[in-house]
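Architecture at a glance
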Amino acid sequence: MGYQPHKMFETPCDDTIIWRYIPIEQLLGILNGNCLYFTNPRTLEDKLEGIYPNKTYWSPWNSINLLDERLPIKKCGSYEFERKIFESDSNNILNLTIKESQHLTIHINQLTQDMSNLIFCNYWTVSEKENAIHWWRYSGNPTTVAIKSTIGRLKNSFSSELNVHVGKINYINYASDHTWNYEKIIKSDFKNKNSLINLVYSLHLNKDDKYEDESEVRCILSYKDTGKHIEKLLAAKEQLGLSKKFHPYITSLTHLEEIPIFETDWGPPWILSFEDAINDLPFNLRVLNISVDLKQLIEEIIVSPKAQSYFKGTLQQTVEKYGLEKDIIQESDIP
């Protein structure tokens, strides 16, 4: 277990230098837990995270792949209910085939948006050297630090029971471009539910090209492994009186071979939103701590150009307490 290659991910070569600029309190959490923090991209400021580009949303692949009557999604009672409403719209002059394709597009897109709630990522920046703009973008605080590593170190550092995929972000124009790996997705057979996972991955390997200077590489936890991990967390918290309504939601998004959203009249997907479910939980599911080998991961820790003179020495003493060499702490090259 640990790093696993995946056909939807374009992983840079092992000697590629990567950086992560973080506040000191996050570094201390990483040191204390021997972990990296994986968050859901919807917690980020970019509102296009995980959203379909316009061109892909209504692309021809829908009519090619989604009209097969054997599709499991057509067994869903909520789908039939919505379909009848859609077809009864007297203002819609489209023919039935196009209506069917449009309706399934909307249904699949809603489902993949729900599935995106099980996407958890860790973010790095590719750069040959430290970047002054990134210091200020990610904090600018004198106690900010930058972890320097490489793709090879990152891949080899994962010791978790969860599989992790690593891939560079594809920067696109959301108004005119297709999602990443569209050519592979268009050939997908959506009777194979793993195709849906690949589609969800692709949506999280895009960013708007306005963020291109970030040059981001993204670690994404295996979709299936994440679901199983969350189920374990839920089971461990049952004695605390955890609301039962979150269980079918997670189960429906995890066990694709038994997914109620596909196979049974479980009810419309809006019957329980992720936000509603999260708010009922007595613990935080917005961040997952994933174990790593810090000696393997960290090549250097660079202190902020604005750091006080004592900060480097204090940080050296701190990392030594966690079994790391003090020489990994370096001063910034930026004047």
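Preceding this paragraph is the structure being described.
Residues numbered from 1 in each chain as written. Predicted model: local features only at pLDDT ≥ 70, side-chain atom pairs only at ≥ 80, totals over all residues. Heavy atoms only, no water.

To continue, consider unusual backbone geometry. The backbone of asparagine 34 shows a phi angle near 45 degrees, a positive value even though the residue is not glycine. Tracing the sequence through the fold places asparagine 34 in the loop between α1 (24-33) and β2 (35-39). Taking the relative accessible area as the measure of exposure, asparagine 34 reaches 38% and is therefore partly exposed. We note that serine 215 has phi near 45 degrees; this positive angle belongs to a residue other than glycine. Secondary-structure assignment places serine 215 in the loop between β7 (206-208) and β8 (216-221). (Helix = DSSP H or I, 4+ residues; strand = E, 2+ residues; numbered from the N terminus. Buried < 20%, exposed > 50% of the residue type's maximum accessible area, 1.4 Å probe, protein only.)

What follows concerns the side chain of asparagine 206. Looking at the secondary structure, you find asparagine 206 in strand β7. A distance of 3.0 Å separates a polar atom in the side chain of asparagine 206 from the backbone nitrogen of tryptophan 180. (Polar contact = N/O pair within 3.5 Å; in protein donor to acceptor, adjacent residues only side chain to side chain.)

By secondary structure assignment, the location of phenylalanine 311 is in helix α15 (residues 311-321). Residue phenylalanine 311 is classed as buried on the basis of its relative accessible area of 9%. For the pair formed by phenylalanine 311 and glutamate 331, sequence separation is 20 residues and the distance between their alpha carbons is 9.8 Å. Not counting residues up to four positions away in its chain, the partners in contact with phenylalanine 311 are Ile24, Pro142, Thr143, Val145 and Val303. (Contact = heavy atoms within 4.5 Å.)

Next up on the list: the pattern of salt bridges. Under the counting rule described, the total for this entry stands at 11 salt bridges. Measuring nitrogen to oxygen at the nearest pair gives 3.9 Å for the salt bridge that ties glutamate 49 to lysine 207. Taken as a pair, glutamate 49 in the loop between β2 and α2 (54-57) and lysine 207 in strand β7 lie far apart in primary sequence, 158 residues in all. No difference in accessibility class separates glutamate 49 from lysine 207, as the two residues are buried. A salt bridge links glutamate 216 to arginine 218, with the shortest nitrogen-to-oxygen separation between them at 2.7 Å. Looking at arginine 218, the relative accessible area reads 0%, which means it is buried. (Salt bridge = Lys/Arg side-chain N within 4 Å of Asp/Glu carboxyl O.)

Attention now moves to the side chain of asparagine 40. Mapped onto the elements of the fold, asparagine 40 is located in the loop between β2 and α2. We classify asparagine 40 as buried; its relative accessible area is 5%. Among the polar contacts listed, one links the side chain of asparagine 40 to the backbone oxygen of serine 116, at a separation of 3.1 Å. Polar side-chain contacts of asparagine 40 include one of 3.1 Å to the backbone oxygen of isoleucine 119.

This part takes up the nonpolar core. In this structure, Leu27, Leu36, Phe38, Leu154, Phe158, Ile301 and Leu315 are the most contacted members of the largest nonpolar core, which totals 58 residues. With six residues, the top contributor of residues to this core is helix α9 (residues 194-203). Beyond its immediate sequence surroundings of up to four residues, leucine 27 is in contact with Ile22, Val145, Ile147, Ile301 and Leu315. The next biggest cluster of nonpolar side chains, apart from the first, holds seven residues, and it includes Ile17, Tyr21, Ala146 and Ile334. (Core = buried A, V, L, I, M, F, W, Y, C linked by side-chain atoms within 4.5 Å.)

Let us look at the pairing of strand β1 (residues 17-22). In terms of burial, β1 is a largely internal element, six of the six residues being buried. What you see with β1 is no split at all: Ile17, Trp19 and Tyr21 on one side and Ile18, Arg20 and Ile22 on the other are buried throughout. Where β1 lies against strand β4 (residues 145-150), six bridges are found, and the strand directions are antiparallel. Looking across to β4, one finds that tyrosine 21 is bridged to alanine 146. Looking at chain direction, β1 and strand β3 (residues 121-126) are connected through two bridges and run antiparallel. The residue of β3 that forms the bridge with tryptophan 19 is threonine 125. (Pairing = 2+ DSSP bridges.)

Among the residues of α1, those classed as buried are Ile24, Leu27, Gly29, Ile30 and Leu31. Where α1 is buried, its residues touch β1, β2, β4, α14 (294-297), β10 (300-303) and α15. Directly beyond the C-terminal end of α1, a positive phi value near 45 degrees is found at asparagine 34.

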